[in-house]
Amino acid sequence: MADVPVFGVIKKGEYFDSVTLMLVAKKIGETEGVVDSAVVMGTLENKSILEASGLMTAEFEKARDTDLLIAVKTGGKEIAEDVFQKVDIYLKDVRKSDRSALEFSPKSVESALKLMPDANMALISLAGKYAGDEAMKSLRKGLHVMLFSDNVPLEKEIELKKYARNNGLIVMGPDCGTAIINGIPLAFANAVNRGDIGVVAAAGTGLQEVTSIISNEGAGISQAIGTGGRDMKKEVGGMMFIEGMNALARDGSTNVILLVSKPPHPDVLKKLLGHIKKVRKPVVAVFLGGDNDLLERDGIHTASTLEEAALRAVAISKYEARYENLNDVSGEMKIAMLMREASRYMQGLESVAERLKTSRSKIAHRAFDESKKMKTGQKYLRGLFSGGTFASEAQLIFKELAGEVYSNIPLKPKLKLKNPLKSERNTVIDLGEDEFTVGRAHPMIDYSLRNKRIMEEALDPEVAVILLDLVIGYGSNMKPLEDIVPAIRQAMQTAAGDGRRLAVITSVTGTDKDPQNRAAVIKGLEEAGAMVMTTNAAAAQFAGHIVKILGGGRLGGGK
Amino acid sequence: MSINDLFNNELKVVNIGLKSFKEDLERVNVRSVHMDWKPSFDLAPGVMDTLQTHSSEIEKANEKAVKIILNGKPFLTGIEKALEVIPGMKKNLILHAGPPVTWEKMCGPMRGAVIGALLYEGMADNPEDARKKAASGEVEFSPCHEHRTVGPMAGIVSASMPVFTLRNEEYGNSAYCTMNEGLGKVLRYGAYGEEVIRKMKWMETVLYPVIKKALVKTGRIDLKNIIAQALHMGDEVHNRNRAATSLLYRLLAPAIIRTAGDPQDSARVLEFIHGNDHFFLNLSMPACKATLDAARNIASSSLAVVMTRNGAEFGVQLSGTGDEWFTGAAMVPDALFFPGFTKADANPDIGDSSITETNGLGGFAIAAAPAIVQFVGGSANDAMNYTLAMYEIAAGENNAYQIPYLDFRGTPTGIDAVKVVEKGILPFIDTGVAHKEPGVGQVGAGVLSAPPEPFSKAVEGLAKKL
């Protein structure tokens, strides 16, 4: 397509936020005759994206941050002119509806605080290069910060977190997609019960998964603090993870603390353990893929999956609740009751282990049945994830069961996909990575890229399993079934046309109180032919067993 | 508030970025404010750091400048021939609106007005002759602003034109402005036909002496007082001057009748003022000029003392950068056009009248003028939001000029160029629109934001002096 010309216009000094521009870009992308198009601000980053996607023009080189760039790749100049006009109309509509808003929108933190002097949190989702400065302004005004934005420079993150720590404030993020503070879901989060389990997570979808499971199990969340994945790196030193945990340790409404992360840097882990020792509340930790020995030696409850961690926290929470009731009794009676509660406590934890074991063996049996439906030659897994933590967890589980997995976020460097757009053997893709999200909404909102990929994978005769995640709740796609079911149906039909049975396996992260309603989403998916598992871990186990039985594993790992 | 205090208090959120997050918060009944964020302007490397390092110094300087602006007491003291009063005025000098511009680069309406002025002065026999003279170097050009003068649209001032003389009684400085010619074919929009020159001659021979005598009778007139009252009566004294003109009329009428001599003359003069709702514009402008000039040359101050346009470029001067001009291309206003005209007919922004915005009036006070909100989107609320946004870049609030609807809050006054650049919010101007060809006249009225470039350059210039 290199010979199709690119037409471009620059609009000077017209700032629009990226979401508005994405919506406009989506609309003009649908215009007939348009091969490709972009509507972006003229930042360096955006220019490199235009360069990469073959939409750069000489004129754009000179554009500045505050210039709006419109690029259209099309054979006809008239089509381009038409698109430019359309963009004008769309943007004018946006401006108009913005301007006519009855409410006055302040333009700075200072004037926002004039309107709401007792504000206590800034929720920041600007482009990364700007977000850090606004976060600092907010902190200086005494606001806690949730920094949704990614691409905030590491030095900026450290500066922000040091300032926050010295001033008793919290910075959740950068790249913190989710948090639940005082029962309020922030950004991407689920409507969960309130309760006594406090969560600190350096893994966004991990936080959503554990809080949803806890709520679905009938327990609840006191606070769920996100820190952003980089917090546990050596450079940041777990500053906010530790501050968050200590705040939960002091919090009267929190009885159990649940920590979720990828394995922290050894220095950070050491520092963290020093703090955990001082916490006089039970602590459950899931450091996906990490070594649990060190933690267990310090009396920390550990887990190897998000599911296990959530269930353990629930079991302890139930015990803790009863423990509180013992305040009214004393003497031998109290000791006897304590002993009884302690044994119940152990039983509770054991029952979690028992339950997981049963569930695993059921999954293995079901996998056996499922594998029998496959055509010879079908043997590989294709995992297409919208949540990064899920993609990691799936690789860990799959590796244990069946073998190594190629990925754009691999467990080992040698398993890195050469081209993230092209799967190899067993592959797990995190569609939330930058290479997929630049200039596009997150895959939890916009399913189109994943749907396209599902179709591509369905054409591959070696594919046995398509493993998905579906994250519902605030912030994410409000009509998930409408957007994903056609892709699932079409994929299965395509395979069936070739005499193949395609196993589409997914979990649904969320609750029945979420606006999309988890039960309704599960029902819709099952009607479409997908197999819905209770958790991401269970879904990955199911997929792992099937591939193992079909002989698609090997390549190192596997048992 | 510590993290644990946060856990024990109602969550209240400032949302900066995606608007959908605010909508989600509303859905779960969380109180929140959405911030309409814009990026800072591009600046030369290091400039923002320099400004931040010197922020308290800049702030102090601005406080001083704002105080001077608020203390300003502009009075109308009389009316004289330009040659007699305007500093540096010469027979072959023509003053124009905006930053400096050569004849070659002048836009259509300004060239037309220059031709008209040369014909009016008798320095040229016909338009062709005037063009030659203007191009020959025989005629000199200089911005009004460099001569304590302001002029609407083309802003052309020549030696024999009568000009109002104003004095800022607090600081002793003067300001000058011609009389407003009314609507239709007029010099300030670049018309130079016979009827234009005839009207100007009438203004010189009848209007000027009548008003001059009347002003002797009335004595000095407090313009700040009139503007303050007019804001309570629906003017913002840039695009709407109806109330202020009426107030002035009430003051002048008895004096004119008593002093004019010929009752026909006094009637015609009163009819002329009555028939021109913008008569007061040529007083609100120099009143602002007199007020702002007193705040010039305060070291380190980032306050704008001039914003002006010559139809090609938009120019800014800061208090802390002396007489240096910082310019960028002028834009075409977003306007409501008179029947038969479109944006394609419009000349880029022109005139010294944006001195009103520089002094916290005009677009900055649009919330006081509900009658002209059709220029800004149609609802009184739109107008109010424009004024509210201008508080973000203002260094202070006016002590005399108030917005009734905002509980008589003072208008946003004193444009801080650093805030403009940092917050990415541009001064908002409501203005008349000229046809790009000379002599056609006004084609509409509308609004626009100042271009970013002059402000970026201005703070870069200031940073060099810090």
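The structure under discussion appears in the preceding block.
Residues numbered from 1 in each chain as written. Chains lettered and ligands numbered in written order. Predicted model: local features only at pLDDT ≥ 70, side-chain atom pairs only at ≥ 80, totals over all residues. Heavy atoms only, no water.

*Asks:* Can you walk me through the overall build of chain B in this structure?
*Replies:* A tally of helices and strands in chain B yields 16 helices and 17 strands. The burial tally for chain B puts 64% of its 466 residues in the buried class. Restricting to contacts in chain B with at least 6 residues of sequence separation, those with at least 24 account for 71%. Accessible surface, chain B: about 16400 Å² in total, of which carbon and sulfur atoms supply 50%. Measuring between centres, the 46 positive side-chain charges of chain B sit 4 Å from its 53 negative side-chain charges. (Helix = DSSP H or I, 4+ residues; strand = E, 2+ residues; numbered from the N terminus. Buried < 20%, exposed > 50% of the residue type's maximum accessible area, 1.4 Å probe, protein only. Contact = heavy atoms within 4.5 Å. Areas by Shrake-Rupley, 256 points an atom, 1.4 Å probe, with all protein chains shown as cover. Lys, Arg positive; Asp, Glu negative; His and termini not counted. Charge placed at Lys NZ, Arg CZ, Asp CG, Glu CD.)

*Asks:* Mind showing me how you'd approach the interface of chain B and chain A here?
*Replies:* A common measure of how large an interface is: the accessible area buried when the components associate. Counting residues at the interface gives 45 residues for chain B and 58 residues for chain A. Of the roughly 5000 Å² buried between chain B and chain A on both sides combined, carbon and sulfur atoms contribute 60%. Looking only at chain B, the three residues that lose the most surface to chain A are Ile 3, Phe 7 and Trp 37 of chain B, adding up to 14% of its buried area. On inspection of chain B and its partner chain A, the count reaches four salt bridges. Of the charged contacts, one joins Asp 42 of chain B and Arg 64 of chain A as a salt bridge, the two residues approaching to 3.3 Å between their closest N and O atoms. The interface formed by chain B and chain A includes 25 residue pairs in polar contact (both at pLDDT 80 or more). Pairing analysis gives four bridges linking strand S4 (residues 121–124) of chain A to strand S1 (residues 12–16) of chain B, with the strands arranged parallel. Paired with Ile 124 of chain A across the bridge in S1 of chain B is Ile 16 of chain B. (Buried area = accessible area lost by both parts, 1.4 Å probe. Salt bridge = Lys/Arg side-chain N within 4 Å of Asp/Glu carboxyl O. Polar contact = N/O pair within 3.5 Å; in protein donor to acceptor, adjacent residues only side chain to side chain. Pairing = 2+ DSSP bridges.)

*Asks:* How do you make sense of unusual backbone geometry when you look at a structure like this?
*Replies:* Most peptide bonds adopt trans geometry, and most residues besides glycine take a negative phi value. Residues and elements named next belong to chain A. Pro 174 follows Gly 173 through a cis peptide bond whose omega is 5°. Structurally, Pro 174 is set in the loop between strand S6 (171–172) and strand S7 (178–181). Of note in this structure, Asn 151 is not a glycine but carries a positive phi near 60°. When its relative accessible area of 55% is taken as the criterion, Asn 151 is described as exposed.

*Asks:* Looking at this structure, how should I read the packing of aromatic side chains?
*Replies:* Here a ring pair, both rings aromatic, is described through the centre-centre distance and the interplanar angle of the planes. All names here are of chain B. Taken as a whole, this structure holds eight aromatic pairs over all chains when the rule is applied. Arranged with centres 6.2 Å apart and planes meeting at 90°, the rings of Phe 164 and Phe 279 form a pair that is edge-to-face. Of this pair, Phe 164 sits in strand S6 (residues 162–168) while Phe 279 is found in the loop between helix H11 (263–274) and helix H12 (281–293), placing the two residues 115 residues apart along the sequence. Overall, the relative accessible area of 0% leaves Phe 279 in the buried class. Each member of the aromatic cluster is reached from another via a ring pair, and the members are Phe 164, Trp 202, Phe 272 and Phe 279. Seen from the ring of Trp 103, Arg 111 lies directly overhead, with NZ or CZ sitting 4.6 Å from the centre. The positively charged end of Arg 220 is found above the aromatic ring belonging to Phe 75, 4.1 Å away from the centroid. (Phe/Tyr/Trp six-rings, centres within 6.5 Å; stacked < 30°, edge-to-face > 60°. Lys NZ or Arg CZ within 6 Å of the ring centre and 35° of its normal.)

*Asks:* Could you clarify how one ought to interpret the state of the cysteines in this entry?
*Replies:* By definition, a disulfide links the sulfur atoms of two cysteine residues through a covalent bond. For the structure shown, the criterion picks out zero disulfides over all chains. The thiol of Cys 107 of chain B is not disulfide-bonded; the next cysteine sulfur, from Cys 144 of chain B, is found 13 Å away. (Disulfide = S-S within 2.5 Å.)

*Asks:* Before we go on, may I ask you to explain helix H7 (residues 127–136) of chain B in this structure?
*Replies:* Each full turn of the α-helix corresponds to 3.6 residues, which orients residues three or four apart in the same direction. Residues and elements named next belong to chain B. What H7 keeps buried is the set Asp 129, Ala 130 and Ala 134. End-on view of H7: buried residues confined to an arc of 135°, all on one side of the axis. Residues of H7 that are buried make contact with helix H6 (108–120) and strand S5 (140–143). Measuring from the backbone nitrogen of Glu 128 back to the side-chain oxygen at the start of H7 gives 3.1 Å, which picks out Asn 126 as the cap. (Arc of directions from axis to C-beta.)

*Asks:* Honestly, the sheet that holds strand S12 (residues 334–337) of chain B in this entry has me stumped. Any pointers?
*Replies:* Strand pairing within a sheet occurs via backbone hydrogen bonds; the two strands may be parallel or antiparallel. Residues and elements named next belong to chain B. Strand order in this open sheet of three strands is S12-S17-S16, and the pairing throughout is antiparallel. A single partner strand is all that each edge strand has here, and the edge strands are S12 and strand S16 (428–434). Recorded for the sheet is a direction-independent mean angle of 25° between the axes of neighbouring strands. Bridge analysis of S16 against strand S17 (residues 442–449) gives seven bridges, and the strand direction is antiparallel. In the strand pairing of S17, Asp 430 is matched with Val 447. (Axes fitted to C-alpha atoms, helices over the stretch in contact; angles between N-to-C directions.)

*Asks:* Is there a simple way to explain the sheet that holds strand S16 (residues 427–430) of chain A in this structure?
*Replies:* All names here are of chain A. Ordered in space as S15-S16-S14-S17-S18-S19, the six strands form an open sheet in which the pairing is parallel. Of all the strands in the sheet, just strand S15 (406–407) and strand S19 (531–533) have a single pairing partner and so form its edges. Both strand S18 (residues 503–509) and S19 contribute to a ladder of three bridges, which runs parallel. When the sheet's bridge partners are listed, Ser 507 is paired in S19 with Met 533. Along the sheet face, helix H16 (residues 480–497) touches strand S17 (463–471) and S18 and points at about 180° away from the line of S17.

*Asks:* Would you take a moment to explain the side chain of Ser 222 of chain A for this structure?
*Replies:* All names here are of chain A. Relative to the helices and strands, Ser 222 resides in strand S10 (residues 221–226). Judged by its relative accessible area of 1%, Ser 222 is buried. A distance of 3.5 Å separates a polar atom in the side chain of Ser 222 from the backbone nitrogen of Gly 198. Sequence-distant contacts of Ser 222, that is, excluding residues within four places in its chain, are made with Asn 182, Gly 183, Arg 194, Gly 195, Asp 196, Ile 197, Gly 198, Leu 248, Asp 251, Ser 253 and Thr 254.

*Asks:* Looking at this model, I keep getting lost on the nonpolar core. Mind explaining?
*Replies:* Soluble globular proteins tend to bury their nonpolar side chains together. Leu 259 and Ile 505 of chain A are the most contacted members of the largest nonpolar core, which totals 158 residues. In terms of residue count, the dominant contributor to this core is helix H11 (residues 306–324) of chain A (nine residues). Setting aside chain neighbours within four positions, we find Ile 505 of chain A in contact with Val 465, Ile 466, Leu 467, Leu 468, Met 531, Met 533, Ala 539, Phe 542, Ala 543 and Ile 546 of chain A. Judged by nonpolar contacts, the second largest core, of 110 residues, contains Met 48, Ala 244, Val 305 and Leu 406 of chain B. (Core = buried A, V, L, I, M, F, W, Y, C linked by side-chain atoms within 4.5 Å.)

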